[in-house]
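Fold and geometry: a report
Now for the letters of each chain:
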Amino acid sequence: MSIKTRFAPSPTGYLHIGGARTALFSWLYARKHGGKFVLRIEDTDLERSTEASVNAILEGMTWLGLDYDEGPFYQTHRFDRYKAIIQQLLDQGDAYYCYCSKDELEFMREQQMANKQKPRYDGRCRDRESPRDGVQPVIRFRNPNTGSVIIEDLVKGQVEVQNSELDDLIIARSDGSPTYNLTVVVDDMDMNIDYVIRGDDHLNNTPRQINILNALGATPPKYAHVPMILGEDGKRLSKRHGAVSVMQYKEEGYLPEALLNYLVRLGWSKGDQEIFSIDEMIEHFDINDVNRAASTFNPEKLLWINQQYMKEAPVEHIARYLSVHFGELGVDPSQGPAIEKVIDAQRDRAKTLVEMAQTSVYFYQDFAEYDEKAVKKNFKATTVEALQALHDAFTDLSDWRAEVIHPCIEQVAERLDLKMGKVGQPLRVAITGGSSSPAIDITAELIGKEKVLKRLQNAIALIQSRT
RNA sequence: GAACCGGUAUGCAAAUGGUUAAGCGACCAGGCCUUCAACCUGGAUGGUGCGGGUUCGAAUCCCGUCCGGUUCUCCA
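Attention here is on the structure that accompanies the text. (Residues numbered from 1 in each chain as written. Chains lettered and ligands numbered in written order. Predicted model: local features only at pLDDT ≥ 70, side-chain atom pairs only at ≥ 80, totals over all residues. Heavy atoms only, no water.)

1. Quick notes on the protein's contact with RNA strand B
RNA strand B sits among 62 residues. The nearest are Pro119, Arg173, Asp272, Asp348 and Arg349. A distance of 2.7 Å separates a phosphate oxygen of RNA strand B from a polar side-chain atom of Lys235. With respect to RNA strand B, the backbone of Thr296 contributes an N or O atom lying 3.0 Å from a phosphate oxygen. Mapped onto the surface near RNA strand B, the elements with two or more residues apiece are α4 (102-114), β12 (295-296), α10 (299-312) and α17 (420-432). Top contributing element to the surface near RNA strand B by residue count: α10, with 5 residues. Of the residues contributing to the surface near RNA strand B, the split by class is 15 nonpolar, 23 polar and 24 charged. (Near = heavy atom within 4 Å. Polar contact = N/O pair within 3.5 Å; in protein donor to acceptor, adjacent residues only side chain to side chain. Helix = DSSP H or I, 4+ residues; strand = E, 2+ residues; numbered from the N terminus. Nonpolar A, V, L, I, M, F, W, Y, C, P; charged D, E, K, R; others polar.)

In structure tokens:
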């Protein structure tokens with residue numbers, strides 16, 4: 001039995017963290033069950049929807065690798081269908097024209113609030129016989145006013161809402177265009193969506209949607225309302241909290257699998273396991289196991305997960321993304337050591353691709369200036385001797401490999417009766433400009449003999465000029 | 001204000017009626033070591049928002065209360 005899930009964003013901005021997570025959950029659920037994953041663009045709000053947002057969302061999905069089997073479908077292409085359904089509801093008596101003005105409705109709401117009631121439309125146009133002149137009416141759904149709706153939510157459990165709590169929602173604006181609660185219902189029905197996985201900000205809408213579905217004689221899908229992601233202040237995640245766009249994480253040097261891994265663990269877990277490959281996610285993820293409570297987005301843990309992926313991912317995979325970040329720094333990784341070797345050397349000490357690129361520039365380009373602290377600490381008048389000895393020893397090396405460089409450095413240290421730290425660290429500063437790099441022999445190998453010799457001379461000159 | 005959904009250490013969370021409430025992150029200390037990191041070892045931090053009840057036994061079930069979130073748009 002094949003199932004179908006969907007992700008239905010409205011194109012009013014980028015793909016954000018929360019959207020990416022519900023997309024991921026829907027995608028995983030479809031993949032797990034060998035079903036289909038549908039992408040639908042809910043662009044009925046003509047004023048706020050933009051093509052740029054559509055592209056941003058598609059771009060985000062692509063980067064994350066959340067591929068879809070059907071779509072993208074655009075609701076704006078389906079207006080005829082919505083009109084037909086609205087007409088059907090009108091004909092059945094399940095919908096009616098409402099001529100109330102916005103002012104009138106607002107006044108009513110204020111009154112209700114003042115009386116400590118839940119603001120809701122009171123149904124005053126329900127039985128209106130004739131139009132009001134000069135008013136373009138909206139169309140409202142005639143919600144049942146007795147009984148209740150029970151949602152068997154896969155995440156929240158059983159949720160019951162009294163129909164008396166619901167009012168007659170607008171399904172068509174006065175310009176005739178359909179509204180969200182109507183279009184989702186029609187689309188999920190037409191597209192045979194079995195599982196609606198979405199944020200729990202939609203939980204309150206669900207009973208109304210079920211009522212519309214019932215009026216249309218359709219069987220409601222199964223619902224799973226996943227908890228929202230909150231910012232560190234406990235408020236709904238928004239721009240205030242910094243990076244919320246998925247693509248910003250790409251720019252900041254995160255691997256897409258790492259983001260996915262962080263997101264899947266936010267509100268879902270399987271015992272002690274923290275790291276899940278995509279295949280493991282597909283195998284183990286179950287929407288039924290998703291937590292009911294909202295969770296707070298924690299950038300530190302995301303960083304940790306990214307670091308895990310930086311350490312474990314195949315080098316070629318990292319290389320693909322890293323070269324872009326090198327490019328942004330004006331570094332051409334084809335001019336110098338193989339990028340794969342640099343990655344291997346650096347992967348244990350970089351949490352992001354950006355960090356890796358930034359700390360690897362000296363492999364490809366001469367540095368403009370030294371880290372002043374490192375110079376102060378490691379470049380003493382007496383260091384000249386060590387650096388000169390290294391220079392001479394290196395000059396004689398015909399085989400420039402770490403395995404050869406390492407004993408060579410050790411011999412120099414031994415000969416001068418110095419500890420390794422007194423030789424290796426000045427060398428590091430001399431050839432990288434700073435005090436931290438991969439193991440010194442590997443660092444030297446990757447930088448290359450010629451550049452190492454030149455940088456040693458520069459360092460010697462610097463020390464002499466200062467003393 | 002009303003309805004709905006939540007509340008386990010500073011964050012994510014496990015334990016779904018059964019000894020002493022997992023694990024990860026963050027934090028601290030030590031080890032390894034040519035630096036940083038990685039890695040290894042150890043440490044500190046909670047009695048499960050609060051109050052009551054059911055039970056031999058409650059983080060788990062019930063009631064009340066407090067706090068937070070969501071919805072109540074001719075937004076989605």
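2. Quick notes on the nonpolar core
Counting residues in hydrophobic clusters, the biggest one holds 106 residues, and the most contacted among them are Ile287 and Phe394. Here this core takes 9 residues from helix α1 (residues 17-32), the largest share from any one element. Once residues within four sequence positions are removed from consideration, Phe394 is found in contact with Trp400, Ile405, Cys408, Ile409, Leu427, Lys449, Val452, Leu453 and Leu456. Tyr82, Ile85, Val185 and Tyr223 belong to the second largest nonpolar core, which has 32 residues in total. (Core = buried A, V, L, I, M, F, W, Y, C linked by side-chain atoms within 4.5 Å. Buried < 20%, exposed > 50% of the residue type's maximum accessible area, 1.4 Å probe, protein only. Contact = heavy atoms within 4.5 Å.)

3. Digging into the sheet that holds strand β4 (residues 95-98)
With antiparallel pairing, the 3 strands of this open sheet are ordered in space as β4-β5-β8. Since the sheet does not close on itself, it has two edges, and those belong to β4 and β8 (170-172), each with one partner. In this sheet, adjacent strand axes meet at a mean angle of 45° when their direction is disregarded. Note: β4 against strand β5 (residues 138-141), 4 bridges, orientation antiparallel. Of the residues in β5, the one forming a bridge with Tyr97 is Ile139. (Pairing = 2+ DSSP bridges. Axes fitted to C-alpha atoms, helices over the stretch in contact; angles between N-to-C directions.)

4. So, unusual backbone geometry
Between Gly71 and the following residue, Pro72, the backbone shows a cis peptide bond with an omega angle of 0°. Among the secondary structure elements, Pro72 is positioned in strand β3 (residues 70-74). Of note in this structure, Asn192 is not a glycine but carries a positive phi near 55°. By the secondary structure assignment, Asn192 is in the loop between α5 (180-190) and β9 (195-199). Taking relative accessible area as the criterion, Asn192 reaches 52% and is therefore assigned exposed. A positive phi angle, near 60°, is found at Asp417, a position not held by glycine. Look at Asp417 and you get exposed, because its relative accessible area is 69%.

Any link to function would need more than the numbers given here.
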